[in-house]
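# Commentary on secondary and tertiary structure
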Amino acid sequence: MGVILKWALVAITVIGLAVDAYTHFDLASLYAFNKTSVVSESTLFRVEAVLAILVGIAVLIRPNVFTAGAAFLVAAGGLALLVLYRYVDVGKIGPIPNMYEPIWFKEKTISALGEVAAVVGALGLLLVSFRTSRRRV
């Protein structure tokens, strides 16, 4: 039962991260105009997408506490920023442009759902990994 649960959580996490990566890559070009002298929102979207892909691959290759933690951080960070910039006009922060966008649309919702799935999967994987590692000690 433990192995099936672990791989189900890996699948949920990786699929959630893949959805996150796809939507960020797909939307990136729409935000190229929103930039500071240092970085554009488009670049930040692409960085998020690449991080999601790299962490997803790491979770798939070696599902453990560290990769699950990284997956949680990437997905939860993306989700937190998505919700923050939806509801709060934070403004420009140093080199980061103002990314306030007070609307929900289809791809934004899909990205949020992917990130929620990845967060839940990664948390579950963390719990399973902690439990397994404690048994070995």
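Our structure's up above, just so we're on the same page.
Below you will find a few notes about this structure. (Residues numbered from 1 in each chain as written. Predicted model: local features only at pLDDT ≥ 70, side-chain atom pairs only at ≥ 80, totals over all residues. Heavy atoms only, no water.)

Of the voids in this model, the largest pocket is the one considered here, and its volume is about 530 Å³. Together, 25 residues line the largest pocket, and H24, F45, L81, L82 and M99 are the ones closest to its centre. Put simply, the parts of the chain that give the lining of the largest pocket at least two residues each are α1 (2-28), α2 (41-61), α3 (65-87) and α4 (106-136). It is α3 that contributes the most residues to the lining of the largest pocket, eight residues altogether. In terms of residue class, the lining of the largest pocket is built from 15 nonpolar, five polar and five charged. (1 Å grid on protein atoms, 1.4 Å probe; cavity = no way out; pocket = protein on both sides within 12 Å on 5 of 7 lines; lining within 4 Å. Points joined across faces, edges and corners; volume = space filled by probe spheres on them. Helix = DSSP H or I, 4+ residues; strand = E, 2+ residues; numbered from the N terminus. Nonpolar A, V, L, I, M, F, W, Y, C, P; charged D, E, K, R; others polar.)

A separate point is the pattern of salt bridges. Under the criterion given, the structure shown has one salt bridge. Close ionic contact of K108 with E101 constitutes a salt bridge, the shortest N to O distance being 3.5 Å. (Salt bridge = Lys/Arg side-chain N within 4 Å of Asp/Glu carboxyl O.)

Their axes nearest at 8 Å, the elements α1 and α2 cross at an angle of 160 degrees. Here α2 runs roughly antiparallel to α1, going by the angle between their axes. The two elements α1 and α2 cross, and the hand of that crossing is left-handed. Two secondary-structure elements touch here, α1 through W7, V10, T13, V14, L17, D20, A21, H24, F25, L27 and A28 and α2 through S42, F45, R46, E48, A49, V50, A52, I53, V55, G56, V59 and L60. Of the residues contributing to the contact of α1 with α2, the split by class is 16 nonpolar, four polar and three charged. (Axes fitted to C-alpha atoms, helices over the stretch in contact; angles between N-to-C directions. Parallel < 35°, antiparallel > 145°, perpendicular 65-115°, else oblique. Left-handed = near helix turned anticlockwise from the far one by under 90°. Contact = heavy atoms within 4.5 Å.)

With that settled, the discussion passes to the packing of α2 against α3. Pairs of packed helices are described in terms of their axes, by the angle between the two and the distance that separates them. Orientation of α2 relative to α3, taken along the N-to-C sense of each, is 155 degrees, at an axis distance of 9 Å. On the basis of the axis angle, α2 is roughly antiparallel to α3. Handedness of the crossing formed by α2 with α3: left-handed. On α3, the residues that touch E48, L51, A52, V55, A58 and V59 of α2 are T67, A68, A70, A71, V74 and G78. Looking at the contact of α2 with α3, its residues break down into nine nonpolar, two polar and one charged.

What follows covers the environment of A75. Within the secondary structure layout, A75 lies in helix α3. Relative accessible area serves as the criterion here: at 0%, A75 is assigned to the buried category. Considered as a pair, A75 and V120 are 45 residues apart in the sequence and their alpha carbons are 9.5 Å apart. Setting aside anything within four residues of it in sequence, one finds A75 in contact with L17, E115, A118 and V119. (Buried < 20%, exposed > 50% of the residue type's maximum accessible area, 1.4 Å probe, protein only.)

Enumeration over the complete set of coordinates arrives at one aromatic pair. Seen in terms of ring centroids, Y31 and F45 are 5.0 Å apart; in terms of plane orientation they differ by 40 degrees. Their pairing is tilted. Of the two residues, Y31 sits in the loop between α1 and α2 while F45 sits in helix α2, which places them 14 residues apart along the sequence. Side by side, Y31 and F45 carry an identical accessibility label, which is buried. (Phe/Tyr/Trp six-rings, centres within 6.5 Å; stacked < 30°, edge-to-face > 60°.)

All quantities given are derived from atomic positions and should not be read as evidence of function.
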